[in-house]
Each structure stands twice: as structure tokens, then as C-alpha cells.
Amino acid sequence: MTTTADWLDVGPVDQLPVMGARTLPVRGGDEIAIFRTANGNVHALVNKCPHKHGPLSQGIIHGTSVTCPLHNWRISLLTGEVLGEDRGCTPVIPVKVDGGRILIGRREALASLAA
Amino acid sequence: MQASDLSDDPHGGLFAFWSLGMELIGEGWTGETAEGAPEVPVRREHLVVVGNGMAGCRAVEELLARDSGRYRVTIFGAEPHVNYNRIMLSPVLAGEKTFDEIVINGLDWYRDNGIELIASDPVVAIDRAGRTVTSRSGRTLGYDKLLIATGSDPFIIPVPGKDLPGVISFRDMSDVDAMLAAAGKGGDAVVIGGGLLGLEAAHGLTLRGMKVTVLHLMPTLMERQLDEAAGWLLKSALEARGQTILTGADTAEILGTDAVEGVKLKDGRVIPASLVVMAVGIRPSTALAREAGLAVGRGIQVDDHMVTSDANVLAVGECVEHAGQVYGLVAPLWEMCRALADGLVERHSGYKGSVTSTKLKVSGIDVFSAGDFSGGDGAEDIVLRDASRGVYKRVVIKDDRLVGAVLYGDTGDGSWYFDLLKKQEDVSQLRDVLIFGQAFASGGGQADPKAAVAALSDDAEICGCNGVSKGQVIACIEKGACSLDAVRSGCKASASCGSCTGLVETLLALTLGDEVEAGPKTMCKCTSFGHDDVRREIVAQDMRSIPEVMQKLHWSTPDGCSSCRPALNYYLLCALPGEYRDDEQSRFVNERMHANIQKDGTYSVVPRMWGGITSPKELRAIADVVEKYDAPMVKVTGGQRLDIFGIKKEDLPAVWADLNAAGMVSGHAYGKSLRTVKTCVGSEWCRFGTQDSTGLGVKTERMTWGSWMPHKFKIAVSGCPRNCAEATIKDFGVVCVDSGYELSVGGNGGIKVRATDFLCKVATEEEALHYCAAFIQLYREEARYLERTAPWIERVGVDYVKARVVDDAANRDALAARFLHSQSFSQEDPWAERAAGADAHLHKHLAEIRPFAILGAD
Ligand code: SRM
Ligand SMILES: Cc1cc2nc3c(=O)[nH]c(=O)nc-3n(C[C@H](O)[C@H](O)[C@H](O)COP(=O)(O)OP(=O)(O)OC[C@H]3O[C@@H](n4cnc5c(N)ncnc54)[C@H](O)[C@@H]3O)c2cc1C
Ligand code: SF4
Ligand code: FES
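Residues numbered from 1 in each chain as written. Chains lettered and ligands numbered in written order. Predicted model: local features only at pLDDT ≥ 70, side-chain atom pairs only at ≥ 80, totals over all residues. Heavy atoms only, no water.

(A) The pattern of salt bridges, seen in detail. All names here are of chain B. Scanning the model with the defined rule gives 48 salt bridges over all chains in all. Among the salt bridges present, the one from E200 reaches K361, with a minimum N-O distance of 3.1 Å. Of this pair, E200 sits in helix α6 (residues 196–207) while K361 is found in the loop between β23 (357–359) and β24 (367–371), placing the two residues 161 residues apart along the sequence. The exposure class assigned to K361 is partly exposed, which follows from its relative accessible area of 25%. A single salt-bridge network, built from bridges that share partners, covers R58, E62, R66 and D342. (Salt bridge = Lys/Arg side-chain N within 4 Å of Asp/Glu carboxyl O. Helix = DSSP H or I, 4+ residues; strand = E, 2+ residues; numbered from the N terminus. Buried < 20%, exposed > 50% of the residue type's maximum accessible area, 1.4 Å probe, protein only.)

(B) Just the interface of chain B and chain A, in detail. Tallying the contact residues gives 52 residues for chain B and 61 residues for chain A. Interface of chain B and chain A: buried area, both sides summed, is about 4,600 Å²; carbon and sulfur atoms make up 59% of it. Summed over the shared surface of chain B and chain A, the result is 1 salt bridge. The salt bridge involving E848 of chain B is made with R27 of chain A; its shortest N-O contact spans 3.3 Å. At the surface where chain B touches chain A, the tally comes to 16 residue pairs in polar contact (both at pLDDT 80 or more). Elements represented by at least two residues in the side of chain B that touches chain A include exactly α18 (564–575), α19 (589–593) and β39 (849–850) of chain B. Looking at the side of chain B that touches chain A, the element that brings in the most residues is α19 of chain B, giving 3 residues. In terms of residue class, the side of chain B that touches chain A is made up of 20 nonpolar, 14 polar and 18 charged. (Contact = heavy atoms within 4.5 Å. Buried area = accessible area lost by both parts, 1.4 Å probe. Polar contact = N/O pair within 3.5 Å; in protein donor to acceptor, adjacent residues only side chain to side chain. Nonpolar A, V, L, I, M, F, W, Y, C, P; charged D, E, K, R; others polar.)

(C) Here's a closer look at helix α10 (residues 414–423) of chain B. Residues and elements named next belong to chain B. Regarding α10, the residues found buried are G414, W416, Y417, F418, L420 and L421. Elements in contact with the buried residues of α10: β23, β24, β26 (391–398), β27 (401–408) and α11 (438–441). Phi turns positive, to about 55°, at Q424, one or two residues after α10.

(D) Layout of the sheet that holds strand β38 (residues 757–762) of chain B. All names here are of chain B. The 5 strands are arranged β34-β35-β36-β37-β38 in an open sheet whose pairing can be described as mixed. Two strands close off the open sheet at either side, each with one partner strand: β34 (674–679) and β38. The average undirected angle you get between the axes of adjacent strands in this sheet is 15°. Looking at chain direction, strand β37 (residues 740–745) and β38 are connected through 5 bridges and run antiparallel. Of the residues in β38, the one forming a bridge with S744 is F758. Against the sheet, helix α22 (residues 693–704) contacts β34, β35 (713–718), β36 (732–737) and β37, and its axis sits at roughly 170° relative to β34. (Pairing = 2+ DSSP bridges. Axes fitted to C-alpha atoms, helices over the stretch in contact; angles between N-to-C directions.)

(E) How the structure looks around unusual backbone geometry. Of note in the backbone geometry, N72 of chain A takes a positive phi value of approximately 65° without being a glycine. With respect to the element layout, N72 of chain A can be found in the loop between β6 (65–67) and β7 (74–76).

(F) Geometry of a negative patch on the surface. On the surface, a cluster of negative charge is made up of D799, D807, D808 and D813 of chain B. Along the polypeptide, D808 of chain B turns up in the loop between α25 (798–807) and α26 (809–826). (Patch = residues over 30% accessible without salt bridge, like charges linked within 9 Å, V, L, I, M, F, W, Y side chains within 5 Å. Areas by Shrake-Rupley, 256 points an atom, 1.4 Å probe, with all protein chains shown as cover. Lys, Arg positive; Asp, Glu negative; His and termini not counted. Charge placed at Lys NZ, Arg CZ, Asp CG, Glu CD.)

(G) Representation of the site of ligand 1 within the structure. Residue and element names in this part refer to chain B. The environment of ligand 1 is formed by 21 residues, the closest being Q598, G638, K712, K714 and G749. Residue K678 places a side-chain N or O atom 3.3 Å away from an oxygen atom belonging to ligand 1. G749 places a polar main-chain atom, nitrogen or oxygen, 2.5 Å from an oxygen atom of ligand 1. Classifying every residue of the shell around ligand 1 by side-chain character gives 2 nonpolar, 11 polar and 8 charged. (Near = heavy atom within 4 Å.)

Quick look at the structure:
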């Protein structure tokens with residue numbers, strides 16, 4: 001485990017289905033969704049749609065966006081911004097993949113606890 | 001937020017990104033070892049190079065070109081060869097080149113430049129304090145400057161059997177020799193890894209007469225370099241050459257006792273093989289540097305002058321990490337070598353990182369990719385597909401700059417795009433013609449596509465598929481065709497593959513100006529075709545996968561959207577029962593999870609209650625589940641069954657297992673599929689009942705459950721015209737009367753209530769079931785995705801349905817037979833599969849974060 005002061009190791013990248021997502025609950029904070037796109041890139045967002053908190057991890061992933069399963073808002077995996085007509089933003093958690101492991105930004109992952 | 005680089009993911013795929021055909025032909029030296037290079041007398045600074053590969057020798061060449069007298073050079077090589085061109089091992093394997101032809105620097109080069117080559121003797125230790133290196137044979141040499149150029153090690157996946165004879169990697173000449181020896185005996189080969197390296201190995205072995213299977217973990221080949229569309233084209237081309245390509249194939253074990261006999265996958269499949277080539281990725285070879293205490297991350301860390309954390313030790317090539325990047329191809333290392341040599345002669349220039357592009361060295365298959373094609377916000381895709389020529393081109397533009405390109409089939413413009421990309425030139429002026437390539441874009445004065453079309457002569461061909469000229473299209477428009485659709489039906493232009501749609505639209509605009517009418521709705525913004533066209537072409541052209549449809553029908557996006565993917569998935573499923581493999585990621589969450597998502601992200605679970613009948617055993621099982629999983633609510637639905645609310649996705653498989661144990665299966669309350677068959681008590685109990693409506697309802701549900709449909713589908717059977725089961729607002733309704741069964745179709749509740757249309761009356765239960773099957777199949781085959789029976793019938797008319805299902809007996813029989821055939825594949829309880837462990841990842845968290853303590857993944 002290469003967990004450091006800045007990065008948390010949350011598991012092997014091959015546990016993420018391509019064009020799918022998995023979840024990462026944070027005790028006492030907001031759950032995180034980790035996504036994998038068609039060409040293998042990994043992104044993480046707080047697992048909460050800016051609209052009515054739909055679980056983004058359960059949406060359909062296409063290109064670099066995810067369509068929320070509850071009312072079809074489209075959210076960018078890169079910026080967390082809502083795309084198209086609607087407005088809103090969900091927090092992005094930095095991710096990197098090292099040696100086949102997924103590392104996420106510790107500060108951002110735990111940000112919801114501070115509140 | 002940056003995309004992560006998975007390049008060193010050992011399972012996912014390749015780490016090496018091949019550069020554009022960098023070809024170096026040697027001088028034809030044939031020796032195998034190099035000994036006895038002349039001693040050079042005067043005391044010069046001593047440069048010792050560890051690694052006689054591409055980067056190490058290139059660095060020395062660059063140094064000699066700057067100042068040939070400055071250093072005395074000694075090169076250690078682990079391999080028993082002179083410096084050869086590693087990238088040309090693929091053509092050697094394929095029989096297109098010999099080893100002699102790929103030598104870069106023969107023995108004479110070492111001799112002429114006073115370089116001592118110590119081959120077949122790897123360096124095993126570095127003493128930085130004493131400034132010496134020691135080799136395996138025990139030789140210790142002092143150095144003033146040390147250059148580490150040890151390249152990479154192939155990654156071997158840690159599965160049982162990986163050490164068996166017959167398992168080889170693809171990195172150096174000895175690997176090629178081993179493959180050639182194995183290929184000489186013929187038989188089956190398995191290549192693990194569908195990246196560049198693996199595909200080049202597979203190609204070579206195929207040409208050498210082996211029967212090759214490629215196993216690739218990811219769903220598309222070369223996913224780091226190609227998008228789904230190009231990956232699919234590549235797979236089809238390789239399959240046409242006789243290779244078997246298994247994607248999503250996860251190796252569990254290599255089988256064999258004394259030598260390789262086969263490969264076993266995690267899903268249990270076994271592929272026989274006498275040769276297994278592991279080409280799943282590479283890792284920078286850093287062990288030596290690490291033991292010497294140098295700073296090492298993913299590679300040996302170097303500054304812009306290729307100096308490591310020790311000022312006297314440099315490193316270059318695949319073994320280094322520069323500015324957080326590691327590279328797996330040669331173009332960057334040429335640039336590194338220049339900066340390194342400049343530094344060694346104190347003319348520091350500095351390496352600034354490389355942009356790379358990729359090409360596959362498989363003759364007859366043209367693939368090119370460069371830059372970042374993951375798209376993203378503000379990025380715009382321009383896609384051109386030409387199905388008849390097997391061409392796919394995609395360029396990605398962001399802020400008026402080209403950021404990525406993927407080309408398949410016609411890669412002629414690859415270097416032009418790569419150039420635009422590297423120079424970051426403003427392409428806004430070229431935007432509309434960029435995708436047609438350099439010749440067109442720079443073809444004097446034609447930069448306005450409208451003007452270009454206007455300038456075409458009348459007999460210029462617009463639609464290649466149907467042979468329609470510009471004159472014919474204009475005549476058709478002038479005769480009154482005011483929309484794309486009208487042109488398609490009028491003169492057939494753009495009616496087949498759609499690649500000329502843009503041209504036809506321009507002609508419409510040129511001829512009619514503002515009077516062009518928007519056509520019927522297209523499926524979504526990814527295509528110019530409507531649902532009916534797509535369905536028709538899927539069947540007519542025997543298409544078999546989503547990427548194939550997108551290619552053949554010229555989708556304008558690389559991987560579709562959340563509207564077209566589920567529709568295509570359904571159309572293929574309907575067209576190819578038992579053959580098409582469902583694409584989970586093209587399913588809406590409810591169908592992926594086999595439960596209904598609720599506003600708080602939990603799920604509701606509705607087990608099937610056949611015809612609305614239940615039993616103490618079922619009720620007890622439901623009660624137990626409610627208590628065991630602490631479900632906040634259990635409710636009787638409007639569909640005559642029980643709905644358990646508030647189940648967490650992690651608990652779903654266990655809930656299903658408990659329900660399965662009591663004999664209950666999924667109620668598909670979540671699906672575009674058969675929902676319920678509502679019944680009333682009927683003749684068994686009711687004083688008015690004319691027939692056994694409950695019994696018929698149960699039979700109907702047994703026949704129809706599990707089928708996928710364009711939208712949800714509900715059935716009801718009432719025992720008499722009092723109609724307690726509300727059969728006349730269902731998709732298929734049966735009202736029993738004394739003399740038989742009245743069948744009606746196309747009803748629903750919902751926002752716009754619609755009562756059914758009468759279909760016909762039949763005498764027996766068997767006939768009622770038969771008509772039901774035929775009607776469902778007609779709906780399945782002809783309605784548009786997300787069109788319920790009511791709007792479908794409003795559109796096509798009930799008379800049409802009667803003509804197909806009632807008047808035409810042969811057609812009715814054929815429809816019913818097709819429905820039952822399709823049902824023979826769809827009546828597996830999806831819950832049972834999940835309860836038994838299928839797709840477990842969908843239900844488990846990846847890990848859990850507890851502040852100040854982090855739990856690992858499962
Ligand atoms: C659970 C249930 C309400 C209840 O507690 O009774 C229900 C719940 C939902 N209905 Fe319904 N409908 C339920 C019976 C009905 C009925 C009554 C019936 O089937 O006899 C109707 C009217 C009949 C009909 O379908 O025509 C009905 C007409 C709708 C409609 C409108 C359909 C239309 O064609 O206009 C929708 C919206 C849709 O599907 O797009 C809908 C959609 C929904 C959804 C799926 C909304 C959604 O997308 O999340 C609700 C899911 C809640 C859940 O998670 O379970 N529900 N819904 C009923 C489940 C029946 C079952 O056992 O499977
Ligand atoms: C089959 C194949 C096809 C390829 N095709 C392409 C392509 O088309 N385009 C492209 O850009 N790239 C391609 N590559 C990748 C390219 O070959 C590498 O990027 C390049 O060779 C890296 O050069 P290097 O000097 O860093 O490593 P290498 O060329 O591997 O050289 C390292 C050398 O160091 C030796 N060595 C290691 N440890 C020691 C030690 N302790 N002591 C002494 N010697 C040691 C090794 O034996 C090796 O000979 C291909 C690679 C392969 C294997
Ligand atoms: S009527 Fe509306 S609120 Fe009630 S279950 Fe149906 S969709 Fe949901
Ligand atoms: S909660 Fe996501 S779209 Fe409504």
C-alpha cells in the first residue's frame with residue numbers, strides 16, 4: 001500500500017469495470033464514486049448528483065461524462081460540472097494510478113468531514 | 001482533474017506506446033559477441049554505460065558526434081549481441097527481416113570509436129562512493145560518469161504456471177528465437193495482452209503458421225491508443241486473418257506439467273497452447289539503481305539533463321522517469337539522448353518531455369493514434385466514418401487546437417495531424433475541413449465546404465451506395481423533397497450507410513435556403529438516422545455489435561450516448577437471440593442492478609408472483625427478508641405483488657438468495673420487459689367467472705416472463721366483462737366470455753390513459769397464448785425503443801397489427817415461433833445468477849474510508 005500523507009490507496013485498478021464505476025463510502029462523510037472510462041482513465045467524484053443527490057456511480061458512462069440515474073442530468077467526470085442546460089457542480093477528487101493501484105487525494109476525499 | 005495514466009497497469013494493457021516507424025538498418029554485421037576492442041591509452045574521463053540497447057548506444061553516438069575525444073567509453077550489455085534495433089524484432093518474428101538487417105551498430109563501430117563492449121555480462125552492483133561497477137562475472141571497473149540505460153523488464157502476471165517452459169515474453173532477440181523454435185513445431189499459441197506488443201507477436205506467429213488466440217483483459221484492443229470504434233475495426237480485421245481474439249479475458253492459470261499445455265481463464269474456459277507469449281506490459285528496469293540508493297519512482301528519476309540524484313550518474317531511455325513521465329517508445333529517447341549528450345559536453349540544452357504517437361507494425365493494417373483522445377469538457381470530436389472503405393477517423397479539438405487523433409484504415413494524414421498537435425497551431429480556420437485531411441484542407445480555395453459542394457458538377461456522385469449523382473439529388477429536391485428524409489425516400493441518396501448525409505444536407509441548403517424541413521427525429525444527436533432505419537439496417541446488414549452499428553451507420557460520436565446505447569443494445573438483443581452478448585454498460589441502472597433505484601439511492605425489490613397468486617411460504621420469505629434487512633417498508637403494488645423498499649445495493653444479492661430459496665424469481669419491475677400479468681379470481685371462485693382467468697394468467701406469465709422489450713409490457717386476464725383485472729388498459733388484455741376469449745391490445749394507464757383496441761376473439765386458451773406470443777414479437781421487432789404499445793399502435797394503426805397477427809396465419813405462427821425461440825434464452829432468473837456471485841463488483845464497495853484508518857479493497 002503506497003498510502004502517503006497526500007494520497008490514499010483505495011485498491012487495484014482492475015477492480016473497476018470499464019465504462020463502469022464503484023463506490024467508496026467515507027465514514028461520517030460523503031461517499032465517493034470512482035469511474036473508469038472506455039479508454040481506461042480513472043476519475044473520482046463525490047457520489048452525489050448536484051440535482052437531487054442521485055448516486056452518480058450508477059449512471060451510464062459515455063465519453064468523459066456520466067448521466068445521472070435519477071433524472072438524466074449529465075455530469076462531467078473531469079470537472080464535476082453539470083453539462084448542457086442545467087447548472088450545478090459536484091466536487092472532484094484527484095486520482096492517479098500507480099503500479100496498478102488507484103490513489104485518491106486524501107484532503108479532497110476527507111473534505112466532507114470538515115463540515 | 002487529470003486523467004490517470006494506466007499505462008503501467010499490468011493487466012490493463014500496454015505501457016509501451018510505439019512511435020512512428022523509426023527504422024534503422026544496420027551495416028550487416030553478423031557477429032554475436034564483441035571482444036578484444038583495442039585499449040585506448042591516454043587518461044580520459046571514463047564513461048561506463050550499463051545497457052547496450054537503443055538508448056545507451058544512441059547516447060554514445062550523440063556524444064561522439066559532439067566530442068569524440070572527450071570520454072573513454074565502456075558499454076556493458078546483458079545480451080550477447082551488438083546494438084540492434086529492438087522495434088524491428090516484430091518484423092524479424094514475422095519473417096520480413098533478418099537479425100543482420102536490424103543491427104544498428106556492428107562490431108566495427110565499437111572498434112572504430114575505441115569503445116569497449118562487454119557483452120553477455122550484466123552489471124550487478126554500483127558502488128557510488130568508490131565510483132565502480134561490478135559485473136556478474138566479477139569484473140570491477142571504475143568510472144567518472146556512469147550512464148544507466150537498462151530499458152524495461154516485461155511484466156509477467158503472477159499466475160500459477162508462469163514459469164513453465166514455453167511461457168515467454170517479447171522483449172529481446174532470445175525471446176524471438178524461442179518463439180521461432182516453438183512456431184517451427186506448429187500448433188496453438190496464446191498471446192496474453194492485446195496491446196501493440198501482443199498484436200505484433202500474434203501477427204508474427206500467425207504468419208509463422210501457428211493458430212493464435214489473443215487474450216485481452218479489456219473490452220477493446222489497444223485501449224490506451226485506440227477508442228472503442230477503432231478497436232472494434234482492428235479486432236474484426238485480425239479475426240478476418242484467422243486470429244481468435246478474446247476480449248474481457250482474465251487469465252487465471254497457465255496449465256501444463258512439464259511444459260505449457262494451455263491457458264485457463266477466470267471464467268473457466270481453457271485454451272490449448274504449446275506456446276504462451278506474455279505481452280501485458282513493461283516495467284522500467286530500476287533494480288540496479290534502487291540498490292545503489294538512487295532516487296527511483298516509477299523509473300529512475302532524472303532532471304532535464306538526464307542526471308540522477310547523483311551528479312555522476314546519468315540515466316536514459318525507458319528506465320527513467322522525467323517530470324513524472326515514463327516512456328515506452330523510441331521517439332522520446334532520441335530526444336533524451338540529445339539533451340544528455342549536450343549536458344555531457346557542458347552545452348546544456350535540456351529535455352522537455354515528449355508528445356508521442358502510435359503506429360502498429362502489422363502489414364496491411366493501418367492504425368495511428370496521437371495525443372489525448374479522451375475528449376472531455378470543451379473538447380469537440382469530429383468523426384468521419386466510411387464503412388465501405390473500412391475507414392474511421394477522429395480528431396479531437398479543444399480551444400481551437402488539435403489535442404488528439406485516432407485513424408484507422410487511412411492513416412495518410414497521421415503525420416500532418418501529429419504535426420498540428422505538436423505545434424499546437426490554431427486550427428479554427430481549418431475546422432470544417434480538418435477531418436478530410438491535408439490535401440483537401442490545403443486544396444486551394446476549397447476551404448468552404450458549401451462552396452466546394454456548389455462547385456461540383458451535376459454528374460458528380462453524391463451517394464456511392466446507391467449511385468446517385470448531384471443532378472439527381474437536386475432534381476429530387478426541386479420536385480418537392482424538402483427534408484433529408486424526403487430525399488432519402490425520393491432518390492435513395494444517403495438512405496443506406498449515411499456517409500453522404502452531410503453532402504445531401506448541403507445540397508438541400510443550397511437549393512432551398514431556409515425552406516429545408518427538419519426530418520423525423522433521429523435516434524439521438526449521434527446519428528442522422530431514425531430508429532426504424534437503424535433497426536432495418538441492423539437486420540439487413542447482419543450487424544452484431546454496438547461498435548459495428550456505429551461504424552457502419554456513421555455515428556458522429558466515438559461511443560454514443562446514454563440514449564442510443566441502450567436502444568442499440570436492445571435492437572441487437574432482439575435481432576440475435578442467444579447470440580448477442582448483452583452490454584451491461586449500455587443498460588440503465590435498474591436493468592443493470594435488477595432492482596428499482598429509489599430517490600435515496602437504495603433499491604426496491606419486487607419478486608414475481610405468478611398471476612398475483614402467493615402462498616404462505618412466499619409470504620413468510622418476504623416477511624423474513626423485510627426483517628432481516630431492516631427494510632423500512634413493504635407495500636402491495638398496483639401490479640398485484642409485494643414491493644420491498646430501502647434495500648442497499650450491497651445487500652441485493654443476499655436478499656435475492658433468500659427469495660430464491662423460497663422459489664421466487666425476479667419480477668422485472670425494473671425492466672423494459674414483461675412486468676406483471678394481472679388476474680382476477682375467475683371461474684374457480686367467482687360467481688360470474690366464465691373461464692379460469694387466474695390459470696390463464698399464470699400460464700401467460702410463465703410464457704412471457706424474462707423477455708426484453710422496447711418498453712415495459714403489462715398483461716391482464718379478466719374472468720368476465722366486469723373486467724376486475726383492468727385488462728382493457730394493458731398492453732395485452734384478455735377478457736373471458738362464455739364462448740371464449742376476447743383479445744385486445746395497446747392500452748395503458750399513465751399520463752395519457754388509453755383503452756385497448758379489440759384484436760380478435762379466440763375459442764381456446766392455446767390460441768389466446770399463441771396470439772399473445774405473436775403480438776409481443778411483432779411489438780418487439782418493430783416498435784422503437786421506449787415506445788410503449790399504445791403510442792406504437794397509434795402510429796402504425798391497429799389494422800396493420802390485425803393484418804400481421806390475425807389475418808395472416810402463417811405470419812402469426814412465424815412470429816410466435818420467433819418469440820418462443822428468443823424466450824428459450826431469456827428465462828434464466830437474473831437474481832439467481834447474481835446471488836451465485838455473478839457481477840459481484842456491482843454490489844460491493846471498492847473499499848471503505850474510515851478517517852485515520854484506511855481499509856484496503858476486497
Ligand atoms: C411500485 C408501483 C406503484 C405501487 O406501489 O403500486 C409503481 C411504481 C413505479 N412506476 Fe408505475 N408502478 C406500479 C404500477 C403501475 C400501474 C398499475 C398497473 O400496472 O396495473 C400503472 C398504470 C398502468 C400502465 O402501466 O399503463 C403504472 C404506470 C406507470 C407509468 C406510466 C406508463 C405509461 O405508459 O404512461 C410510469 C412511467 C414510465 O414507465 O415511464 C411508471 C413508473 C413507475 C416507476 C418505475 C417510476 C420510476 O421510473 O422509478 C415507479 C417505480 C417505483 C419502484 O421503485 O418500485 N408507472 N404503474 C407499481 C408496481 C407494479 C408492479 O408490481 O410491478
Ligand atoms: C518487439 C518490440 C517492438 C517494438 N516496437 C516499437 C515501435 O514500433 N516503436 C517504438 O517507438 N518502440 C517500439 N518498441 C519499444 C522500443 O524498443 C523501446 O522503447 C526501446 O528499445 C527502449 O530503449 P532502451 O535503451 O531504453 O531499452 P532497451 O533497448 O531494452 O535496452 C536496454 C538494454 O540494457 C540491457 N540491460 C538491462 N540491464 C542490464 C544490466 N544490469 N547490465 C547490462 N545490460 C543491461 C538489456 O539487456 C537491453 O539490451 C518495441 C519494443 C519491442 C520489444
Ligand atoms: S405514480 Fe408517480 S410517484 Fe407514484 S410510484 Fe408511480 S411514478 Fe412514482
Ligand atoms: S438527482 Fe441527478 S439528475 Fe436528478
